[in-house]
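Each chain, letter by letter, is given below.
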Amino acid sequence: MIRLAILASGGGSNMQAIVDAYKFGVLKGLAEVVLVISNNANAFVLERARKENIKSVCIERKSFKDDEFFNKAIFTKLQVASVDLVCLAGYMRMIDKEILKVYNRRILNIHPALLPKFGGKGMYGHFVHEAVVKAGVKKSGATVHFVNEEYDSGKIILQKEVEISKSDTPGDIAKKVLEAEHKIYPQAIKKVIEEKFEVKNDFSLY
Ligand code: GRF
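Read on for an overview of the structure. (Residues numbered from 1 in each chain as written. Predicted model: local features only at pLDDT ≥ 70, side-chain atom pairs only at ≥ 80, totals over all residues. Heavy atoms only, no water.)

**Some thoughts on the overall build of the protein chain**
Thought 1: The number of helices and strands found in the protein chain is six helices and seven strands.
Thought 2: Seen along its three principal axes, the alpha-carbon backbone of the protein chain occupies a region of about 50 × 45 × 35 Å.
Thought 3: Taking as baseline every contact in the protein chain between residues at least 6 positions apart, the subset at least 24 positions apart corresponds to 64%.
Thought 4: As displayed, the protein chain offers around 10,600 Å² of accessible surface, 51% of which is attributable to carbon and sulfur atoms.
Thought 5: The positive charge centre, built from 32 side chains, and the negative charge centre, built from 25, are 1 Å apart in the protein chain. (Helix = DSSP H or I, 4+ residues; strand = E, 2+ residues; numbered from the N terminus. Contact = heavy atoms within 4.5 Å. Areas by Shrake-Rupley, 256 points an atom, 1.4 Å probe, with all protein chains shown as cover. Lys, Arg positive; Asp, Glu negative; His and termini not counted. Charge placed at Lys NZ, Arg CZ, Asp CG, Glu CD.)

**Quick look at the nonpolar core**
Thought 1: Formed by 44 residues in total, the largest nonpolar core has its most connected members in L4, I6, I18, V33, L108, Y185 and I189.
Thought 2: Ranked by residue count, the leading element in this core is helix α6 (residues 170-199), at nine residues.
Thought 3: Non-local contacts of L4, meaning those with residues more than four positions away in its chain, are made with I18, L27, A31, E32, V33, V34, L35, V83, L85, C87 and I189. (Core = buried A, V, L, I, M, F, W, Y, C linked by side-chain atoms within 4.5 Å. Buried < 20%, exposed > 50% of the residue type's maximum accessible area, 1.4 Å probe, protein only.)

**What about the state of the cysteines?**
Thought 1: Taken as a whole and assessed by the stated rule, the structure comprises zero disulfides.
Thought 2: You can see C87 has no disulfide; the closest cysteine sulfur is in C58, sitting 19 Å from it. (Disulfide = S-S within 2.5 Å.)

**Here's the deal with the environment of L100**
Thought 1: Within the element layout of this structure, L100 appears in helix α4 (residues 97-102).
Thought 2: According to the relative accessible area criterion, L100 is buried, its value standing at 9%.
Thought 3: In this structure the C-alpha to C-alpha distance between L100 and G141, which are 41 residues apart in sequence, comes to 26 Å.
Thought 4: Other than its neighbours up to four places away in sequence, L100 contacts I95, I107, V147, N148 and E149.

**Some remarks on the sheet that holds strand β6 (residues 139-146)**
Thought 1: Strand order in the open sheet made by the seven strands is β3-β2-β1-β4-β5-β6-β7, with mixed pairing throughout. Each having just a single partner strand, β3 (56-58) and β7 (156-163) make up the two edges of the open sheet. The sheet shows a mean angle of 20° between the axes of neighbouring strands, taken without regard to direction.
Thought 2: Sheet analysis places strand β4 (residues 85-88) next to strand β5 (residues 107-111), joined by three bridges and oriented parallel. Bridge pairing links C87 to L108 in β5.
Thought 3: Packed onto the sheet, helix α1 (residues 13-24) meets β1 (2-8), β2 (31-38), β4 and β5 and runs at close to 160° relative to β2. (Pairing = 2+ DSSP bridges. Axes fitted to C-alpha atoms, helices over the stretch in contact; angles between N-to-C directions.)

**Considerations on the site of the ligand**
Thought 1: Taken together, G11, G12, S13, N14, G90, I110, H111, P112, L178 and E181 make up the full set of residues adjacent to the ligand.
Thought 2: Backbone polar atom of N14 to an oxygen atom of the ligand: 2.8 Å apart, as the coordinates give it.
Thought 3: At 2.8 Å from an oxygen atom of the ligand is found a side-chain nitrogen or oxygen belonging to E181.
Thought 4: Surface burial for the ligand is 78%, taken as the share of its 370 Å² of free accessible area covered by protein chains.
Thought 5: Listing elements by their share of the shell around the ligand, those giving two or more residues are α1, β5 and α6.
Thought 6: When the residues that make up the shell around the ligand are grouped by side-chain class, the tally is three nonpolar, six polar and one charged. (Near = heavy atom within 4 Å. Polar contact = N/O pair within 3.5 Å; in protein donor to acceptor, adjacent residues only side chain to side chain. Nonpolar A, V, L, I, M, F, W, Y, C, P; charged D, E, K, R; others polar.)

Right, dumping it as structure tokens:
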């Protein structure tokens, strides 16, 4: 079983979708969530983890004197839990370079748009959907990608489109996209596990 960690700052509906997928869906027998880390003590994702009996920890930046100690705390938790894959799910901080090095091509993120469009610094949450409405595009969607040192620019693993109608508000789009996210995140994790760990056992693929 591949050991997953989820890093999240908010509601954790994607975390729930991943947990449901290993309990009843596409990740059954393939992966399990062994750790949830949040940088926000009030995040509902921590409550979800408790309900699911998943080890969870809150690691807030303000509890540490600098970034280095904060990042070390995250790294240590990942190591102690023998995590294979890290899934960012609404995690509102950049991942430290040292963690990226050690977990090279083993950190995934989900973005609420069809990258490379509507990505990059400042493009998160409602800003993404507002930009989509402003651009007047007919489609948006969700993207799961590998995390590298730049925002939203790592190799794309899976995307799912959603149709946009002229009357859709940013809130309407957010709702449609979130539904797509819940479908593709578990599928993308499955794809990575099958390609990376099971079939080819080769991290140089990506
Ligand atoms: C999602 O829209 C995700 O794409 C973005 O943050 C949101 C997190 O939602 N990065 P949730 O906390 O998983 O409900």
